[in-house]
Amino acid sequence: MSEKRQIKLSLYLIGAGMHVAAWRHPQGQADASIDIKALQKAAQIAEKGKFDIAFVADSLAINHESHPHILNRFDPIVQITALASATEKIGLGATASTTYSEPYVLARQLLSVDHISNGRVAWNLVTTSDATGQTALNFSREKHVEHDKRYERAEEFADVIRALWDSWEDDAFVYDKENGVFYDREKVHETNYKGQHFSVKGPLNIARSPQGYPVIVVAGASKPGQKLSTRVADAVFVHWDDIETAKEHYKTLKSQLAQHGRSEDELVVFHGISPVVADTEAEAIQRHKELQDLLDPYEALKFVSGYMGNVDFSKYSLDTPAIEVDYPEVNSIQSNFNELIDIVKRENLKVGDLYARLFNVGKRDAFVGSPQQVADEMERWFNERACDGFMLQFPLLPRDLEAFVEKVVPILQEKGIFRKDYEGNTLREHLGVVKPVNQYTRTKVTP
């Protein structure tokens with residue numbers, strides 16, 4: 001591995017792109033979220049650019065306000081299995097909920113794909129934000145679990161799934177044909193977990209993978225989310241409004257690792273950005289404007305609604321001061337909601353401003369511009385320790401991804417802060433996080 005600190009890159013893979021109107025653009029493929037060849041092509045472009053990982057988000061309920069590419073899409077674990085067959089090096093991340101899953105089933109699914117991909121899988125551990133307010137109704141429940149309770153369950157879930165992934169020591173399967181020994185019975189372990197939320201006997205019926213087990217990614221920025229991240233995660237995904245807030249959060253996260261016996265290098269912080277790159281800044285701004293011109297204001301507000309308590313914005317004129325909106329209590333991404341409300345108050349936004357200001361790339365950051373401008377801004381965030389890398393949420397796929405790979409990646413490589421080729425085969429090697437030592441091997445006492 002290179003000794004110099006290297007920037008990490010993750011592709012946020014979503015249909016025709018992150019922008020709500022991407023599917024309407026002449027270069028946008030409206031059914032991209034359900035076309036595996038289009039998704040494989042995007043992953044291949046990211047692999048050509050030496051990205052660390054292609055990341056697939058998820059939701060477990062939809063309504064008429066959902067993002068177009070959430071309405072009709074593949075299950076993330078099924079999708080990354082198909083992506084594994086079309087790629088060789090890039091990591092593959094799938095989102096799965098600790099609130100609406102069982103550890104044994106999920107442990108088996110994720111570790112299976114980790115084997116299929118030869119050690120390139122990441123699990124994006126989420127407690128489910130419930131943007132629709134209806135998720136529980138799809139799982140024979142009447143009410144979504146409260147925020148802090150979801151994290152209590154997630155803490156247990158993470159412990160169970162890691163113990164299951166460690167059921168077999170690395171050299172447990174001996175395949176000794178001559179003596180008829182398939183595996184060493186001393187190197188398989190029952191989990192025997194009993195907690196408040198789970199009771200799991202084990203062992204799991206699949207061995208550890210080439211990277212031990214999948215990389216764990218957590219996106220929570222609340223205090224319970226930070227606790228979980230710094231204890232069990234290999235990477236975190238954050239999305240702050242400005243570099244100073246990002247730097248403060250980065251420092252806070254890194255400072256908490258020591259209490260769990262971990263070093264700062266053991267947690268990779270990805271910051272979400274939405275780059276639009278063109279030969280000139282004016283052309284990049286025009287590319288972004290093309291997407292904005294396709295957007296109906298109230299359609300955009302439907303997307304905003306899921307992040308702000310499922311507000312019915314149709315009751316308000318676009319000129320209404322956003323602070324006058326009646327926001328219900330939020331039981332989803334609490335830290336995100338708090339930040340959005342702070343911006344609304346500080347900048348006295350109107351209802352019609354919300355999508356453009358809070359979720360749009362144009363005003364939010366400085367990543368719309370020429371290749372040099374975007375590369376320089378990424379370098380600034382990286383060098384000032386606002387993040388270790390970026391979750392690239394391109395507004396229009398594959399156009400913006402292709403432009404980034406062709407024009408920005410070479411500049412980052414010339415700056416010496418991004419790899420020119422993969423140096424390993426597993427996702428853990430890409431990210432620079434160590435293969436976890438099997439907990440049963442680690443606790444054995446040498447005579």
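The following paragraphs examine the structure supplied in this document. Only a predicted model underlies this, so the values are computations on that prediction, with no experimental measurement involved.

## Some thoughts on the overall build of the protein chain
Within the protein chain, the regular secondary structure consists of 16 helices and 14 strands. Taking 22 Å as the expected radius of gyration for a compact globule of 447 residues, we find that the protein chain reaches 22 Å, a close match to that expectation. By principal-axis analysis of the C-alpha atoms, the protein chain measures approximately 75 × 55 × 40 Å. Taken across its 447 residues, the protein chain has 55% of its residues classed as buried. Considering only intrachain contacts with a sequence separation of at least 6, the fraction spanning at least 24 residues in the protein chain is 78%. As displayed, the protein chain offers around 19800 Å² of accessible surface, 49% of which is attributable to carbon and sulfur atoms. Distance between charge centres in the protein chain, computed from 52 positive and 65 negative side chains, equals 2 Å.

## A closer look at the sheet that holds strand E4 (residues 121-126)
Within the closed barrel, the 8 strands sit side by side as E1-E2-E3-E4-E9-E10-E11-E14. Their pairing is parallel. Across the sheet, the mean angle from the axis of one strand to that of its neighbour is 30°, orientation sign disregarded. Relative to strand E2 (residues 53-56), strand E1 (residues 8-12) is paired through 3 bridges, and the arrangement is parallel. Directly across from Ser10, in E2, lies its bridge partner Ile53. Packed onto the sheet, helix H3 (residues 76-86) meets E2, strand E3 (91-97) and E4 and runs at close to 170° relative to E3. Each of E3 and E4 is contacted by helix H4 (residues 103-116), which is oriented at about 150° to E4, the strand it contacts most.

## Re the nonpolar core
Membership of the largest hydrophobic core comes to 82 residues, with the highest contact counts inside it found for Leu11, Phe51, Trp123, Trp165, Met378, Phe390 and Phe404. Other than its neighbours up to four places away in sequence, Trp165 contacts Ala107, Leu110, Leu111, Trp123, Leu204, Arg208, Tyr213, Pro214 and Ile216.

## What about the packing of helix H6 (residues 223-232) against helix H7 (residues 243-256)?
Their axes nearest at 9 Å, the elements H6 and H7 cross at an angle of 55°. In terms of axis orientation, H6 runs oblique to H7. Remark: the crossing between H6 and H7 carries right-handed chirality. Residues Gln226, Lys227 and Thr230 of H6 form the contact with H7, whose own contacting residues are His249, Thr252, Leu253 and Gln256. Residue classes in the contact of H6 with H7 are distributed as 1 nonpolar, 5 polar and 1 charged.

Rules behind the numbers
Residues numbered from 1 in each chain as written. Predicted model: local features only at pLDDT ≥ 70, side-chain atom pairs only at ≥ 80, totals over all residues. Heavy atoms only, no water. Helix = DSSP H or I, 4+ residues; strand = E, 2+ residues; numbered from the N terminus. Rg over C-alpha atoms; globule rule 2.2 N^0.38 Å. Buried < 20%, exposed > 50% of the residue type's maximum accessible area, 1.4 Å probe, protein only. Contact = heavy atoms within 4.5 Å. Areas by Shrake-Rupley, 256 points an atom, 1.4 Å probe, with all protein chains shown as cover. Lys, Arg positive; Asp, Glu negative; His and termini not counted. Charge placed at Lys NZ, Arg CZ, Asp CG, Glu CD. Pairing = 2+ DSSP bridges. Axes fitted to C-alpha atoms, helices over the stretch in contact; angles between N-to-C directions. Core = buried A, V, L, I, M, F, W, Y, C linked by side-chain atoms within 4.5 Å. Parallel < 35°, antiparallel > 145°, perpendicular 65-115°, else oblique. Left-handed = near helix turned anticlockwise from the far one by under 90°. Nonpolar A, V, L, I, M, F, W, Y, C, P; charged D, E, K, R; others polar.

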